[in-house]
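Overview (structure and organization)
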Amino acid sequence: ESESTVSITVVGASGDLAKKKIFPALFALFYEDCLPKHFTIYGYARSKMTDAELRDMVSKTLTCRIDKRENCSEKMEQFLQRCFYHSGQYDSQDHFTELDKKLKEHEVGRVPNRLFYLSVPPNIFIDAVRCASSSASSCNGWTRVIVEKPFGRDSESSATLTSALKQYLEEDQIFRIDHYLGKELVENLSVLRFSNLIFEPLWSRQYIRNVQLIFSEDFGTEGRGGYFDNYGIIRDIMQNHLLQILALFAMETPVSLDAEDIRNEKVKVLRSMRPLQLENVVTGQYKSHVRGGITYPAYTDDKTVPKDSLTPTFAAAALFIDNARWDGVPFLMKAGKALHNKRAEIRVQFRHVPGNLYRNIGTDLDRTTNELVIRVQPDEAIVLKINNKVPGLGMRLDRSNLNLHYAARYSNEIPDAYERLLLDAIEGERRLFIRSDELDAAWALFTPLLKEIEEKKVIPEYYPYGSRGPVGAHYLAARYKVRWGDVG
Ligand code: BG6
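For clarity, every value in this text was computed on a predicted model and none was experimentally measured.

Here's the deal with the sheet that holds strand E6 (residues 174–177)
- Here we have seven strands laid out as an open sheet, ordered E3-E2-E1-E4-E5-E6-E17, and mixed in their pairing. Single-partner strands in this sheet number two, and they are strand E3 (83–87) and strand E17 (433–434).
- Judged from the five bridges that link them, strand E4 (residues 111–118) and strand E5 (residues 143–147) form a sheet pairing that is parallel. By the bridge assignment for E5, Arg 114 is matched with Thr 143.
- Packed on one face of the sheet, helix H1 (residues 16–31) meets strand E1 (4–11), strand E2 (39–45) and E4 and runs near 160° to E1.
- Across the face of the sheet, helix H3 (residues 72–81) comes into contact with E2 and E3 while running at roughly 35° to E3.

Given below as structure tokens:
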């Protein structure tokens, strides 16, 4: 039996994502000996470039994360020798046929497997898929295609995209990436819940008061305004990254860890979500702010953004899952750019202890309930807030942290999300990729809301660059008797 080989083609090789994430992730996998023995990497883009120029470009993006190890530059050189470039149009069958010829030269005598990473905007990825898949159809190995969001802007455009993709590919060839699912602490979520008796039985409305999913960045859309203005923060972060985390968090116990079993449970959560009301959503947009003599720009100062843009760069929303487990529990989401810090976390606030013997000692019951904080980034950690007696003769309670701080506990490197996901795609593991019914359910939830915001031209609440965002987010939370856990 002949050995197999994998050809990885990065379509859109000169783009930002390819440079920042895809090539470095492939190198990290190579460094860790995780790539198959036989593999070839092809960059594909419109610009003219030689193999040497591509290697030069790629080499600038590679870091030896583990640069203390001596053989890093040697490994880098070996890696670069396996990178090639083919320039072509995204809609040209001929150019993909030329690529196909080149791939075949590397595949001689081996079972050819092909992975295409489409790091190009959706308006060109259908053409690229058509060309790439037909050039690969003669092979007897597998062909898989990774696609990046945005998968459309709403239910209709997403459905159009899906049906176009399905003309050329089977569902099990399509790997829709949501890189938040590749993050270490998101992956750990189900380990934490399902393998710990002190959590698993508590995971319901009976013990959990609310769940908060928080994403913030301390920089604006600088340089990406053109893309961003057409999407806004709800599509950029909530409809995918935060909603995916919510689905993983809230799903029923899957039959097994098999990809279909997990995605079956996630999609049920998504389909049980209560339709989103505009009154349960707050939107914001950052305005310019001067601090320490530096002027931070407004969103609309970006040259690629229309001056009168109402696109939200911040949003907070209260969501509900209308099923037996979560009936009445608010899931609060908050996502924003140009805020005071960069952070992604999941906060679970538990209920009060019924008949708490110490209720008269703690001054603020709201602040003395248990809270589980899963900090996805930066500085990965799991923190459990518990009540504790302050040592001494008196009786005073204090809320203290049981702290699992990854940097202190583990010396292992935390892999970048793209490393895990690329490896999974090469291995055919679909657990962390979005199935089309999940995507449909996610759009079904957000499309009516997005339409309403856009049709009514809802004015976002303006907040200064670098601030904590609109106060409206606090009123929204207060309506459900919730206090955001990330603010003091
Ligand atoms: C992307 C969004 O999906 O995620 C960006 O399009 C955002 O706007 C990015 O900055 C955040 O990813 P990470 O991994 O840096 O938190």
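Description of the packing of helix H7 (residues 184–194) against helix H9 (residues 232–250)
- As a packed pair, H7 and H9 sit with axes 9 Å apart at the nearest point and diverge in direction by 15°. Judged by the angle between their axes, H7 and H9 are roughly parallel. The handedness of the crossing between H7 and H9 comes out as right-handed. Every residue of H9 that contacts H7 at Val 186, Leu 189 and Arg 193 is listed here: Ile 245, Leu 248, Phe 249 and Ala 250.
- Of the residues contributing to the contact of H7 with H9, the split by class is six nonpolar, no polar and one charged.

A short note on the site of the ligand
- Every residue lining the ligand is accounted for by Lys 149, His 179, Tyr 180, Lys 183, Glu 217, Arg 224, Asp 236, His 241, Lys 337, Lys 342 and Gln 377.
- Tyr 180 places a polar side-chain atom, nitrogen or oxygen, 2.4 Å from an oxygen atom of the ligand.
- Within the side chain of Lys 337, an N or O atom sits 2.7 Å from an oxygen atom of the ligand.
- Here the ligand, which alone exposes 390 Å², has 81% of that area covered by the protein.
- Here the residues of the shell around the ligand are counted per class, giving one nonpolar, three polar and seven charged.

Conventions and cut-offs
Residues numbered from 1 in each chain as written. Predicted model: local features only at pLDDT ≥ 70, side-chain atom pairs only at ≥ 80, totals over all residues. Heavy atoms only, no water. Pairing = 2+ DSSP bridges. Helix = DSSP H or I, 4+ residues; strand = E, 2+ residues; numbered from the N terminus. Contact = heavy atoms within 4.5 Å. Axes fitted to C-alpha atoms, helices over the stretch in contact; angles between N-to-C directions. Parallel < 35°, antiparallel > 145°, perpendicular 65-115°, else oblique. Left-handed = near helix turned anticlockwise from the far one by under 90°. Nonpolar A, V, L, I, M, F, W, Y, C, P; charged D, E, K, R; others polar. Near = heavy atom within 4 Å. Polar contact = N/O pair within 3.5 Å; in protein donor to acceptor, adjacent residues only side chain to side chain. Areas by Shrake-Rupley, 256 points an atom, 1.4 Å probe, with all protein chains shown as cover.

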